[in-house]
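Listed here are the chains, written in short residue letters.
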Amino acid sequence: MQLKSTRHCTYQSGHHFVWIPFKRRKIFTKEAIIEATKRYVTEAIENKNNDMGLIAIEVDRTLMDHVHVFVSFPPRMLASQAVTIMKGYSSRRLRMEFPHLKNLHEKSQLWAHSYYWGTTGNVSAQTVKRYIEECQG
């Protein structure tokens, strides 16, 4: 992780997020959906308006129902804002690209409301990154 700066702050933060599809649906059965998920989460993170930085991203190919993302974001941003950006953008785009994902249930959402959030220090950042990259099974 790199040191980053805002106008009044220098920071180095790592945030590990994990979320699942609504009702734990096994949506990652096709490589196209896995790659699109990574692409859309990455697009959401790299949006110039939020100053987030992607460190690692992976979809759990064993359970087929987890998204792991390791990001950095400035102290002014809340974890709930960061995960809302990633989940909201990727949900909209995935349901547009794969219409069958709209019909998984009666609600118009792809991801469950809940998520895991953990922070890392500089020492354990490499460990979390390696874990995310190797979580494919």
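Our subject is the structure that appears above.
Thresholds, definitions, all that
- Residues numbered from 1 in each chain as written.
- Predicted model: local features only at pLDDT ≥ 70, side-chain atom pairs only at ≥ 80, totals over all residues.
- Heavy atoms only, no water.
- Core = buried A, V, L, I, M, F, W, Y, C linked by side-chain atoms within 4.5 Å.
- Buried < 20%, exposed > 50% of the residue type's maximum accessible area, 1.4 Å probe, protein only.
- Helix = DSSP H or I, 4+ residues; strand = E, 2+ residues; numbered from the N terminus.
- Contact = heavy atoms within 4.5 Å.
- Phe/Tyr/Trp six-rings, centres within 6.5 Å; stacked < 30°, edge-to-face > 60°.
- Expected span 1.5 Å × (residues − 1).
- Pairing = 2+ DSSP bridges.
- Axes fitted to C-alpha atoms, helices over the stretch in contact; angles between N-to-C directions.
- Parallel < 35°, antiparallel > 145°, perpendicular 65-115°, else oblique.
- Left-handed = near helix turned anticlockwise from the far one by under 90°.
- Nonpolar A, V, L, I, M, F, W, Y, C, P; charged D, E, K, R; others polar.

A. Representation of the nonpolar core in the model. Ranked by size, the top nonpolar core spans 27 residues in total, and within it Phe 17, Trp 19, Val 69 and Met 86 carry the most contacts. Looking at this core, the elements with two or more residues in it are strand S3 (14-19), helix H1 (31-45), strand S4 (53-59), strand S5 (67-72) and helix H2 (79-97). With six residues, H1 is the largest single contributor of residues to this core. Once you skip the residues sitting within four places of it in the chain, Met 86 turns out to touch Phe 17, Trp 19, Val 41, Ala 44, Ile 45, Met 52, Val 69 and Val 71. Listed in part, the five residues of the second largest apolar core include Ala 56, Phe 70, Val 128 and Ile 132.

B. Up close: the packing of aromatic side chains. Counted by the stated rule, this structure contains five aromatic pairs. With a centroid separation of 6.1 Å and 50° between ring planes, the pair formed by Phe 17 and Tyr 115 is classed as tilted. Of this pair, Phe 17 sits in strand S3 while Tyr 115 is found in the loop between H2 and strand S6 (116-120), placing the two residues 98 residues apart along the sequence. With a relative accessible area of 0%, Phe 17 lands in the buried category. Given a relative accessible area of 33%, Tyr 115 falls into the partly exposed group.

C. Local environment of the environment of Arg 95. If you trace the backbone, Arg 95 turns up in helix H2. Separated by 24 residues in the primary sequence, Arg 95 and Val 71 place their C-alpha atoms 24 Å from one another. If near-sequence neighbours (up to four positions away) are discounted, Arg 95 is found in contact with Leu 101, Lys 102, Ser 108, Gln 109 and Leu 110.

D. Looking closely at H1. Between its first and last C-alpha atoms H1 spans 21 Å; for 15 residues at 1.5 Å apiece the expected length is 21 Å, and the two agree. Along H1, the positions that sit buried rather than exposed are Ile 33, Ile 34, Ala 36, Thr 37, Lys 38, Tyr 40, Val 41, Thr 42, Ala 44 and Ile 45. If you follow the buried residues of H1, they end up packed against S3, S4, S5 and H2.

E. Layout of the pairing of S4. Of all seven residues in S4, five are buried, a share of seventy percent or more. With six bridges joining them, S4 and S5 adopt antiparallel strand pairing. Bridge pairing links Ile 57 to Val 69 in S5.

F. Molecular detail of the packing of H1 against H2. Interaxial distance between H1 and H2 falls to 8 Å at its minimum, and their mutual angle equals 135°. Taken together, H1 and H2 sit at an angle that is classed as oblique. Considering only the axes of H1 and H2, their crossing is right-handed. Seen from H1, the contacting residues are Ile 33, Ala 36, Thr 37, Arg 39, Tyr 40, Val 41, Glu 43, Ala 44 and Ile 45; seen from H2, they are Ile 85, Met 86, Tyr 89, Ser 90, Arg 93, Leu 94 and Glu 97. Across the contact of H1 with H2, the residue classes break down as 10 nonpolar, two polar and four charged.

G. Structural context of the sheet that holds S3. Strand order in this open sheet of four strands is S4-S5-S3-S6, and the pairing throughout is antiparallel. Lying at the two open borders of the sheet, with one neighbouring strand each, are S4 and S6. Averaged over all pairs of adjacent strands, the angle between their axes in this sheet comes to 15°, without regard to strand direction. With five bridges connecting them, S3 and S6 associate as antiparallel partners. Note on S6: the bridge partner recorded for His 15 is Thr 119. The strands touched by H1 are S3, S4 and S5; relative to S4, the strand with the most contacts, the crossing angle is about 160°. With respect to the sheet, H2 is in contact with S3, S5 and S6, its orientation differing from that of S3 by roughly 50°.

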